[in-house]
Structures are given as C-alpha cells and as structure tokens.
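Structure at a glance
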Amino acid sequence: MIKNYSSTDMLYYTAPADIWEEALPLGNGSLGAMLYSTVGEDLISVNHDTLWTGHPADVTRDGAFEAYKKAQQLALSGKYKSAEKELEKNFFTCWSQAYMPFGDIKLTFSADKYKSYERTLDLRNAVLSNSFEADSVRFIKTAFISKPDGVLAYKTESENGEKFSFSAEITCPLKSDIRAESNMIITDGECPSDADTKSPKYPCNSLIYSDKAEEKGVLFRGALSIETDGKVTENGAALSVEGATYAVIYFTVKTSYNGFDKRPATEGREYKNACLETVKSAMALGFDRLLERHIADYTVLYNRVSLELETAGGAPAPTDERIERFSENKSDLSLYALLFNYGRYLLIASSREGSLATNLQGIWSNSIKPPWNSNYTVNINTEMNYWGVLPCNMRELMQPYVELMKGLCIAGKATAKAFYNARGFVVHHNTDIWGHCAPVQGSASWAYWQGGSGWLCRALFEIYEYTLDREYLRETAFPIMKKAAEFYLDTLIEDVDKSLIICPATSPENKFVSGLSASSVAKSTAMMNSIVLDLFMNCKKSCEALGINDAFYSDICESIKRIKPLEIGKNGAILEWNEELKETEPHHRHVSHLYALHPAGLITKDDAELFEACRKTLELRGDDGTGWSLAWKVNFWARLLDGNRALSLVDNLLRLVTPKNAKHHHGGVYANLFDAHPPFQIDGNFGVLSGMCEMLLQSDGESVYLLPALPDKWQSGRIKGIAARGGVTADIEWKNGKITDYRIYGDAEKLNIILCR
C-alpha cells in the first residue's frame, strides 16, 4: 500500500493572485475563466474558445507555384540562400488570425483588509474554493464551470449568516454594448474582422472592424445573473447586491461562430437567446444541483488514471512555495504527481466534445495582442497539446482535434492546388479557426514548412492504435490521412541518388550558416522526410487493417522503399539537413530531426546506430530551452529509455518563473503551474504529462513495456488506468524500483507484456 504521499490533487495558496499568471483556471472546453480570488475587487478574466478575429477568406498568392518550382531548382543546385529569398519574396501570404479575450467580471466588496486567507483548486472535482475573514465576516467562495450546463457558477456566502453587499460589473476590450436589464448584465459585442494580418508586425498589430456584414467578425453575447437572498438593483451597467448572506453568479457566453467556412454575421448560429436561456436554465437548477452534475461529468474522465509516488510527505505547503523550494531541494516527489494531474485537469478543462481544439494558451488568454496570436502552431505545439490524451485514456477529448482536422482537410485542398499544383491538402506552420493553411509571412525558417498536415495526421492514426476502432479508421481517420498522403506523393521528387525527398525543405525555425549569412532552406531535411515516411507507413497499416489493396496502396508501398533514409553526421548526431551544415544556434529549442524517435517511433533500441545518434543529438542540443522544448526532451529521453535524464528535464520545467524574471527560451512554470515558454504557452503542461506517461509505459501495438524509463528517484509508486496501443489499459505497482504487481485490462492476448523492471 502506497502511503505518505500528499498534495498531488490540490493547488493551494495563502494569498490572492496579484497577476494573471497567479490566477487559477477553470474551463469546460469552450468557456474559460481565470479567478484571482482577490478580496476587495474580485476579478474573473473570461474567455470563449470561438472568440477570434477574422472570418472565412481565400488566402492565396499569384505566382506562388512558379516561385516554389524556382526555389526547388535553386535548392537542388545548392543555392540555398537564393531559394530562401525566392520563397520569402514570392511565396508567402499573411498571418493567421488571433484569439481574443471576452473581458473581465469584477465583483467589488467593501472589504479591504483580510486574514486567514486560503484558495484552492481541487483537481479531483474541478472546483475552486476561497475563504478568508474581512470586516469580521468569514467569507466562503466556491466556483466551477459546468460542461453539462454550460455556465460559470460562483457562490459567495458568509459562514455564520452575516450580511454583506457587493456590486458586479463587466468590462470588455472588444467592440461591445454592456447594459443591465431585467436584473442581468448583458454584453453584446463583435470580434474584429481582422487582426491586421497583412502587417509585417506580429502578433496582431492592430484590430480592424468592418461595417460590411460579410466581413464582420464573430458576434457574441455574455449574460450574468445573480441569485441571492439580498436585494438586487440595477446601477447603470452594473448590478448591486445588498443585505445578502449568500449570492450565486451564473454567467455564460454564446457566439455566432458556425464553423470554419461560415461567415459569422450572415451565416452564424443563433446566440443571443441561447445565451439567456442557458443562464435561466442554470438558475432554475440551482447551485447545488449544478455542482452535482458538474462533478459527475468531470470525474468520469479524471478518475480514469491516477499516479502515486511514495514520498517523505510532510505538511502541505502553498504550491508557489513548493515550486520555489524545489529548485533548491528536489525531495518533494508529490510535486511530480501534482504536475501530472494538473496536465490531465487542463486537458479536460480546455478540450471537450463540442468545443474547439486547444490553442497555444489552451482557452485562457487575457490579451488582445496574445503571444503568437495564441493560434494553432502546428510545427509541434498543437500536436503536443494532445500527446497525453490517449495514454491517459480520454479519447473523448480528441474530438475537437478530429473536427479541426476535418476542416483543414477541406481548407487545405485549395492551398495544395494553388501553391504546389498538387492533390490532397497541406497545412503550413500556423492555422486558426478559419482554416488558414497557406504559408504566412516573415522568415522562411517558420513560414515555409509543409509538414503540418502530415504531422497532424499522426494523432488521427494513434486514436485507432489505442482503441482499435476500425469504423473510426475507415470513416474518419483514413480518408483524411489519404488526402494528406496524396499531397506528398505529388510533391516528392528524386534526389541524385534516386531516393525521394521533399524539396526544398526546412527544419522548423532553425537555421544554418550559408556563405556569409544564415539560411533555413535546404535541399531536404530529416524532419520532412520522416513526416512523409511516418504518414505513408500509417497509411499502409490502415489499408491493411481495412483490407484495401488499390493503386494508392501500391504507390504508398513503393514510395516507402525510396524515401531518403536518415543519415548520421561526422559528429555522431542525426543529420538535420541533407548535408553537413553548421547551425547558427546549436542549442536551438526545436529538435525536429528527431521526429522519427518521437513522436513517430520509427527509431527504437533495435536500431542501435540511429538510437545512439539520437542520444548524441540530444546531448549536443543541451538540457535547456522553452517550456515546450523541455517537455519534448522529456519524451525523447523516455524513448531513449533514460528515465533519470528524462526526470532531469522535468526538474528544469519546475523552475519558478514570474513575468519579471522571465527569460525568453528559458522555460519553467508560473506560480499557478502554467507552463512558461516564457510567456505562457500551455503545450509544456501537456508535453510533460505525455513524457511522464512515456516513462511509465510505452507501446507499439505489438508489445507493451511496463516501466521502460523509470527514474531512480521514483523508487516506489503506482499508476492506475494508463492506456496502451492495442486497446488495453494497465495498473502497475512497484517497490524499490521493481514491479511488484501489475494488471492488464482489455484483450491483451495478441500483445507481448514486457516488464522492464
């Protein structure tokens, strides 16, 4: 029996949040909120996943295909800088659109000074609690966001029935009309029609509104109502509550967003009445019933997996203090389990059936100029957001990702034709809720990269690998994968040795020395060839699983044999580009040339030479980087079966960062355990969750490896419910580094169960 573990399911603080990075997140996939739990002015920052700038638009470029072919010939001739200049001058388009905040709910109380303060976020039930004493009144506050009923419910009560008063108001940074009517605060607004995406400045230089109905952005309504035993009065655009012993705020947002290809102002969903009815229905149910329904819905997902690590224990300390102490003394093993559980919590809070896929910040953003437009960056970040979903046995959370892919498959068809004269579809490194698939502007190091569609398809196939759902594979995954593969079949060309390559190619965001300057465009790259090979192999497996033996299957099988294999450089590392080229930044955050190791799994310990070359590659890259880069390295080292090195990267992630001491490309976590790029990006939270799963279990559809990369520090513990490819889940218990008990659930007869400890 594992004992002496503590504080693995609770974020706990003894002071209010002073800044957004200290506030605590709630969410139901679509509606998100950051709660500061301040005393005099209690602030709640609100988001909705469909509040984006823009509308459906054709993004193309005259002469793009000709520029691509010219750059291809230049790259084949070794004129890399000239190829890069051609692409940057004649191939690129505009930025993708930007994610917008709804605004803030502000609750103003007369209280100022306080004592005996506590606030917690209980990950076991997704409920935030806050208590303190102010003006001789003991306040207790409870908040959650319900998926079943679509509202934020926030209850304030006095412990002993003392009376209190407060006011509620809403501020919105977008074009909006805010008013109080019928004892509700109603906010009607619209998102900008454009984030100045043609400007060379980025992210969103300025917000542009259009008067033309077909160009208007997403329309929205927010509604707030209060249930109380006090008196509610309208005060301008605010509501005032007097003489209450309790008050419950019910709030929601609805929008006109109706899909990537529908104009939100002329083809949008009805949202105004839907918003009001949602709030009224929630009030009719009441706080206690809403809470019941919320917990029942949430725990079905959260309770599927649990991780316990035996630790020395001790009295629980505030989370921010624990993180700060961890940099000096890494004995708090329960902090690892807390990080693991927090990743699962954030997944459930930001990606649910019917919501959009998680963006760079999940669903939480407080800026109208968010970092990198808080878009979908698909040269790793969007994919990383979903790495932990299937191992943690939460297939339902993949639905928004699948829906994103369905839209991109349609939108990217025009991009493939216009820019490459190819079949199928393609996605470059950025997209948004409108299906932006074209190359953006700026440096070719990020903008020229046609690997997004191929990499995104990996997760579609993994859903099948984990569930063995053949109907899903036939009806959903394979048709999209096939179209992605058709694009690469049309764009592969022969190298001088007759192997097949994608040319020209980049290794995302990295550069090499080219003459007297830097370039990012080469003849071919390890990553692009690996993505194509991985996609083709998964298409081949899909065809065989579905009994398909047609011309497409034959083309895929023939191409697999000819795709340029990975090479090892003179320094013993995987060659990133098609030849030995000096990197301008040897410790670059992207380690794209190891795609074949992770996530693809094309390189295993059976490939001894390549396996060792991957290790050498990581040694040269170093153990620092952005938050998501550190998380990716956790997964790499786990795949290399080095649990101690993987854990050292987790340790690097657990560095306390504040906006004041933040160093760009030097990751860590904020006081609320949000991943710091810095600034905040949620991918690191999700990537480290995946990495810890990889340390405890790995699978390939034929074998399941138990504790393949267990770090020495995790001497005793247990994991329950972790999922593996092949449609099974596992419980594993270990003591003193050795497996003492395990159980496999599901049909494991065709799987090899391998105990690595």
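Residues numbered from 1 in each chain as written. Predicted model: local features only at pLDDT ≥ 70, side-chain atom pairs only at ≥ 80, totals over all residues. Heavy atoms only, no water.

**Regarding the sheet that holds strand β27 (residues 703–706)**
An order of β26-β27-β31 is seen for the 3 strands of this open sheet, with the pairing classed as mixed. Looking at which strands have only one partner, the edges of the open sheet turn out to be β26 (697–699) and β31 (752–755). Across the sheet, the mean angle separating the axes of adjacent strands is 15° when strand polarity is ignored. Where β26 meets β27, 3 bridges bridge the pair, whose relative direction is antiparallel. Bridging across to β27, Q698 finds its partner in Y705. Sheet contacts for helix α17 (residues 683–696): β26 and β27; angle to β26, the most-contacted strand, approximately 85°. (Pairing = 2+ DSSP bridges. Helix = DSSP H or I, 4+ residues; strand = E, 2+ residues; numbered from the N terminus. Axes fitted to C-alpha atoms, helices over the stretch in contact; angles between N-to-C directions. Contact = heavy atoms within 4.5 Å.)

**Here we look at the pattern of salt bridges**
Enumeration according to the criterion identifies 46 salt bridges in this entry. Here R474 and E475 are joined by a salt bridge, their closest N and O atoms 3.2 Å apart. For R474, a relative accessible area of 41% gives the class partly exposed. Among the salt bridges present, the one from K523 reaches D495, with a minimum N-O distance of 2.9 Å. Here K523 is found in the loop between β23 (517–519) and α12 (526–546), whereas its partner D495 is found in the loop between β20 (492–494) and β21 (500–502), with 28 residues between them in sequence. The class for K523 is buried, based on a relative accessible area of 12%. (Salt bridge = Lys/Arg side-chain N within 4 Å of Asp/Glu carboxyl O. Buried < 20%, exposed > 50% of the residue type's maximum accessible area, 1.4 Å probe, protein only.)

**What about unusual backbone geometry?**
With an omega of 5°, the peptide bond between Y202 and P203 qualifies as cis. For the bond running from C503 to P504, omega is -10°, close enough to zero to count as cis. The phi dihedral of S37 is positive, around 55°, even though this residue is not glycine. Its location among the elements puts S37 in the loop between β3 (31–35) and β4 (41–48). Overall, the relative accessible area of 0% leaves S37 in the buried class. Positive phi is not limited to glycine here, since D196 has a value of about 55°. Position of D196 relative to the elements: it lies in the loop between β12 (184–190) and β13 (219–228).

**What to know about the nonpolar core**
Among the nonpolar cores identified, the biggest contains 237 residues, and F166, F251, Y345 and F536 are the most heavily contacted of them. Top element by residues in this core is helix α6 (residues 334–350). It accounts for 12 residues. Ignoring sequence-local partners within four residues, the contact set of F166 consists of L107, T108, F109, I226, L239, S240, V241, A247 and I249. Counting 16 residues, the second-largest nonpolar core is a separate cluster that includes V127, V248, A282 and F287. (Core = buried A, V, L, I, M, F, W, Y, C linked by side-chain atoms within 4.5 Å.)

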